[in-house]
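What follows is each chain in one-letter form.
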Amino acid sequence: MGLESLEQSNKDCTKAQSENESLNKACDALKTELGNVRENFEEKSNQYAKAMDDISNLNTAKTGLEKKSKDLEEELSTSRSEGANLSALNSELTVQLSGLQG
């Protein structure tokens, strides 16, 4: 091997080392980005799980409110019916009272 050949090999080696350093830097940057993506994914996954819990809780509350609403509607219907009965009884008593007075 001649001097020229050794010098060329040295240049090739230096170039390869430089390229290797550049690749290592790029690899490190990709590792950092991957870490950021993983962290973001975990955060979004946690937010999604919380949202699903919130939806479940809201659905439970909705079901409870629907039942309460139905119960109140039944109570209102009963109260109206009782009110109508009391009104009819009041009318009947009024007629009886005026019959007794007249």
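Residues numbered from 1 in each chain as written. Predicted model: local features only at pLDDT ≥ 70, side-chain atom pairs only at ≥ 80, totals over all residues. Heavy atoms only, no water.

A. A look at the overall build of the chain. From N to C terminus, the chain includes one helix and zero strands. Overall, the C-alpha framework of the chain stretches about 145 × 15 × 10 Å when taken along its three principal axes. As presented, the chain carries roughly 9,300 Å² of accessible surface, and 55% of it is formed by carbon and sulfur atoms. Of note, the chain has its 12 positive side-chain charges centred 1 Å away from the centre of its 19 negative side-chain charges. (Helix = DSSP H or I, 4+ residues; strand = E, 2+ residues; numbered from the N terminus. Areas by Shrake-Rupley, 256 points an atom, 1.4 Å probe, with all protein chains shown as cover. Lys, Arg positive; Asp, Glu negative; His and termini not counted. Charge placed at Lys NZ, Arg CZ, Asp CG, Glu CD.)

B. Structural detail: the environment of Q8. Checked against the element boundaries, Q8 lands in helix α1 (residues 3–101). The class for Q8 is partly exposed, based on a relative accessible area of 42%. For the pair Q8 and Q47, spaced 39 residues apart in the sequence, the C-alpha separation amounts to 58 Å. (Buried < 20%, exposed > 50% of the residue type's maximum accessible area, 1.4 Å probe, protein only.)

C. Molecular detail of the pattern of salt bridges. Evaluated as defined, the whole model comprises three salt bridges. For D54, the salt bridge goes to K50, with nearest N and O atoms at 3.1 Å. With D54 and K50 both in helix α1 and four residues apart, the pair spans about one turn of that helix. The class for D54 is partly exposed, based on a relative accessible area of 34%. Classification of K50 as exposed rests on a relative accessible area of 51%. Linking K67 and D71 is a salt bridge whose minimum nitrogen-to-oxygen distance equals 3.1 Å. Within this pair, K67 and its partner D71 are both found in helix α1, separated by four residues, close to a single helical turn. (Salt bridge = Lys/Arg side-chain N within 4 Å of Asp/Glu carboxyl O.)

Distances and angles like these do not, on their own, reveal function.
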